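Next come the chains, spelled out residue by residue.
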Amino acid sequence: MAAHMLRWGCAGRRWALAYVDGGSCHGLGAPNDFTLSGMKGQSSMAPQPLITAQKPRKGEHEWAAVVGLEIHAQISSNSKLFSGSQVHFAAPPNSLVSFFDASLPGTLPVLNRRCVEAAVMTGLALNCRINKKSLFDRKHYFYADLPAGYQITQQRLPIAMNGSLTYGVRVGTKRSQVITRTVRIKQIQLEQDSGKSLHDDLRSQTLIDLNRAGVGLLEVVMEPDMTCGEEAATAVRELQLILQALGTSQANMAEGQLRVDANISVHHPGEPFGVRTEVKNLNSARFLAKAIDYEIQRQINELENGGEILNETRSFDSRLGCTMPMRDKEGKQDYRFMPEPNLPPLVLYDSASLPSGADLQQVINIDYIRERLPELPSVTREKLVEQYGMLPEHSFTLLNEVGLLEFFQNVIKETRAEPKLVTSWVLNTFLGYLKQQNLAVSESPVTPSALAELLTLLDGKVISSSAAKQVFEELWKSKSKTAAQIVSEKKLELMEDREALEQLCQAVMEGHPQVGRGGEPCLPGGWSQSFAFTLLRPDNSPPRREPVRGPRSAVSWCRRGAQEKTALSLCQLP
């Protein structure tokens, strides 16, 4: 399929980014290759904001955007990749550093079995070919937080290759349709993390924390099959869910456990690919999408104004919403890759090649790991749609929000309400309250048990929908009361006794024969139509236009939502 198309249009010297399918980056395929070569030149355009997409017009130039990702995921392990030092976030600086981590002379690496198993599990989940023999290499470069002066990685022959990641992207005017995209996985490799440099501008000095040095990483290299920021962010989120489901990484981007580098270029369709820029260390899916879309727009602006794109590394400033240059990559850096002399080749086995009598504690069986893979997010979504009859986009929302699926399932277990009712309340009311107050699911004042009780009352027609919303609001404010207690205290139960309803209506109407509203024509007994409807429908719905002929004909309305408290409060009107 053709690459994703963008076009430009001049508007006050700002170049409009537009997509061929009318403002969405979906519905089109992606290129199959990515180039590193290109023109040299100096950037001359100041950063400008991204402009709203427009529909293309005949005769205007078109652009194809190309996006590839390199993702570093911290492996969930108690110790580091080549040493016995513990791994713990936010530990005191330099408190988790072994002799090997500090690169003291005479220390040797010892490979962590857990990290190897995590790499194999991730490779299998991403449909990769697991190499039974992989090699470790030294990648030489100098940073103050890299004590050895090199990083142990897998450049030549990684542990997994040639996989794919399938993810769903929402499209349409209301984003209610989900289409499937696939990005190719070039390779997955094991490597060390570096330490952390802490810059103290006040004292004009840099402090080094080596707690992170030597922590095991999975580097997932994706081919440039994506075309915009939204696709890239969705792919990263899907990978994050897979890693969390496998337990191979917590993938908490806020804690730096999942970091993304994005490679971006633009070109005219049918022409060689343009020069790429790399945006480093993006630790938020939202910032990733913004950085990519901005960089695409910046490159289009630059080229259309006669400039050239530099092969450079850039960073994203989330406050300004733009990318900034970090360092030039025109001169190819020589990392002086060489085989790691202190580590032999990593050899894995499957059931067919496993030596007879081999100690299972000393070898890793690929088939054994394959058989014990947990359920992946894609399978979970399919089950949700099939079991509960929900829409595919609802299943995506349940999985994408951290902790929401578990909350939903706990509500389902404890309520007699229909799954569709539970889905509606969890995704609309509950999630809406969370987003309004910027809370995580784990921080919700409403527990699954409390919501389950409320939905049971609603499903059993003990209360009306409007009353249920009042109860939910009270539950959100106070944890000390149950839904049943709130309903009882506020007298929100539906009245099902027809005679009691008639007596209630008759008593109120006889007690206020002259009450009317806005000069409307009064009904028999001195009641205006809208006032009678207000009495009988406490949810403030617009009054109906059919006549109200006294209390008996009003009972049908009253039974749908009238409450004794509402009627009695109206008795106090002057």
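Above this text sits the structure in question.
Residues numbered from 1 in each chain as written. Predicted model: local features only at pLDDT ≥ 70, side-chain atom pairs only at ≥ 80, totals over all residues. Heavy atoms only, no water.

**Q** Could you clarify how one ought to interpret the pairing of strand β12 (residues 196-200) in this entry?
**A** On a regular strand, each side chain points to the face opposite its neighbour's, so the side chains alternate between the two faces of the sheet. Pairing of β12 with strand β13 (residues 205-209), which is carried by five bridges, proceeds in the antiparallel orientation. Considered in β13, the bridge of S197 is made with I208. Remark: four residues form the turn of the hairpin made by β12 and β13, two consecutive strands paired antiparallel; S204 in that turn has positive phi of roughly 55°. (Pairing = 2+ DSSP bridges. Helix = DSSP H or I, 4+ residues; strand = E, 2+ residues; numbered from the N terminus.)

**Q** How do you make sense of the sheet that holds strand β8 (residues 137-140) when you look at a structure like this?
**A** Backbone-to-backbone hydrogen bonds join strands into a sheet, with any given pair of strands oriented parallel or antiparallel. Spatial ordering of the open sheet is given by β9-β8-β19, a layout of three strands whose pairing is antiparallel. At either end of the open sheet lies a strand with only one pairing partner, and these are β9 (150-153) and β19 (338-339).

**Q** Could you clarify how one ought to interpret the side chain of S464 in this entry?
**A** With respect to the secondary-structure elements, S464 resides in the loop between α9 (448-459) and α10 (465-477). Look at S464 and you get buried, because its relative accessible area is 8%. Among the polar contacts listed, one links the side chain of S464 to the backbone nitrogen of A467, at a separation of 3.2 Å. (Buried < 20%, exposed > 50% of the residue type's maximum accessible area, 1.4 Å probe, protein only. Polar contact = N/O pair within 3.5 Å; in protein donor to acceptor, adjacent residues only side chain to side chain.)

**Q** Would you mind going over the pattern of salt bridges with me for this structure?
**A** In a structure, side chains of opposite charge can pair up when their charged atoms sit close to one another. Enumeration according to the criterion identifies 23 salt bridges in this entry. Between K80 and D101 there is a salt bridge, and its shortest N-O distance comes to 3.2 Å. In this pair, K80 sits in the loop between β5 (62-74) and α1 (113-125) while D101 sits in the loop between β5 and α1, placing the two residues 21 residues apart along the sequence. Across the pair K280 and E278 runs a salt bridge, and its minimum N-O distance is 4.0 Å. Salt bridges sharing partners connect three or more residues here, namely E295, R298, E312 and R314. (Salt bridge = Lys/Arg side-chain N within 4 Å of Asp/Glu carboxyl O.)

**Q** Explanation requested: the layout of surface pockets in the structure shown.
**A** A water-sized probe rolled over the atoms picks out the places where empty space is left. A volume near 1300 Å³ is recorded for the second largest pocket. For the second largest pocket, the lining is made up of 35 residues, of which R237, A285, N400, E401 and V402 are closest to its centre. Take the lining of the second largest pocket: its biggest share by element is six residues, from helix α2 (residues 229-246). Grouping the constituent residues of the lining of the second largest pocket by class yields 14 nonpolar, 13 polar and eight charged. Of the residues that make up the lining of the second largest pocket, three or more belong to each of domain 1 (64-339) and domain 2 (377-490). (1 Å grid on protein atoms, 1.4 Å probe; cavity = no way out; pocket = protein on both sides within 12 Å on 5 of 7 lines; lining within 4 Å. Points joined across faces, edges and corners; volume = space filled by probe spheres on them. Nonpolar A, V, L, I, M, F, W, Y, C, P; charged D, E, K, R; others polar. Domains from an automatic or database assignment.)

**Q** What is the right way to look at the packing of helix α6 (residues 392-400) against helix α7 (residues 404-414) in this model?
**A** The relative placement of two packed helices is expressed as an angle between their axes plus a distance between the axes. Running from N to C, α6 and α7 cross one another at 110°; their axes reach a closest spacing of 6 Å. As the angle between them shows, α6 and α7 are arranged roughly perpendicular. In this structure, α6 uses T397, L398 and L399 to contact α7, whose residues at the interface are L404, L405 and F408. When grouped by side-chain class, the residues that make up the contact of α6 with α7 number five nonpolar, one polar and no charged. (Axes fitted to C-alpha atoms, helices over the stretch in contact; angles between N-to-C directions. Parallel < 35°, antiparallel > 145°, perpendicular 65-115°, else oblique. Contact = heavy atoms within 4.5 Å.)

**Q** In this structure, what is going on with the nonpolar core? I would like to understand it.
**A** Soluble globular proteins: nonpolar side chains tend toward being buried together. Core analysis: the biggest nonpolar cluster contains 68 residues, and L69 and L190 have the highest contact counts within it. Per-element accounting of this core gives the leading share, eight residues, to α1. Setting aside residues up to four positions removed in sequence, L69 forms contacts with V220, V221, M222, M226, A232, V236, V260, D261, A262, L288 and I292. If you look at the next biggest cluster of nonpolar residues, it comprises 40 residues, including V411, V426, L451 and W476. (Core = buried A, V, L, I, M, F, W, Y, C linked by side-chain atoms within 4.5 Å.)

**Q** Is there a simple way to think about the packing of helix α8 (residues 419-436) against α10 in this case?
**A** Packing of α8 against α10 leaves a shortest axis separation of 12 Å and a crossing angle of 40°. One finds that α8 runs oblique with respect to α10. Once α8 is placed against α10, the crossing between them reads as right-handed. Here α8 contributes W425, T429, F430, Y433 and L434 to the contact with α10, which in turn contributes A468, K469, F472, E473 and W476. Here the residues of the contact of α8 with α10 are counted per class, giving seven nonpolar, one polar and two charged. (Left-handed = near helix turned anticlockwise from the far one by under 90°.)

**Q** Help me understand the pairing of strand β11 (residues 177-192), please; the structure alone is not making it clear to me.
**A** Alignment of strand β10 (residues 160-171) against β11, held across 11 bridges, turns out to be antiparallel. Note that in β11 the partner of A160 across the bridge is I188. Judged from the seven bridges that link them, β11 and strand β14 (residues 216-222) form a sheet pairing that is antiparallel. Across the sheet, E191 pairs through a bridge with L217, a residue of β14.

**Q** Help me out: how do you make sense of helix α12 (residues 498-511) in this one?
**A** Note that an α-helix has 3.6 residues per turn; residues three or four places apart therefore point the same way. For α12, which comprises 14 residues, the first-to-last C-alpha distance of 20 Å matches the rise-based estimate of 20 Å (1.5 Å per residue) to within 8%. For α12, the complete set of buried residues consists of L501, E502, L504, C505, V508 and M509. Considered in projection along α12, the buried side chains sweep an arc of 165° and stay on one side of the axis. Turned more than 90 degrees away from the buried face of α12, the exposed residues are E499, Q503, A507 and E510. (Expected span 1.5 Å × (residues − 1). Arc of directions from axis to C-beta.)

**Q** Help me understand unusual backbone geometry, please; the structure alone is not making it clear to me.
**A** Of all residues except glycine, most have a negative phi; of all peptide bonds, most are trans. Its identity is not glycine, yet N127 carries a phi of approximately 60°, on the positive side. On the secondary structure map, N127 appears in the loop between α1 and β6 (129-130). The residue K491 is not glycine, and still its phi comes out positive at about 50°. Here K491 lies in the loop between α11 (483-490) and α12. Here K491 falls in the partly exposed class, since its relative accessible area comes to 47%.

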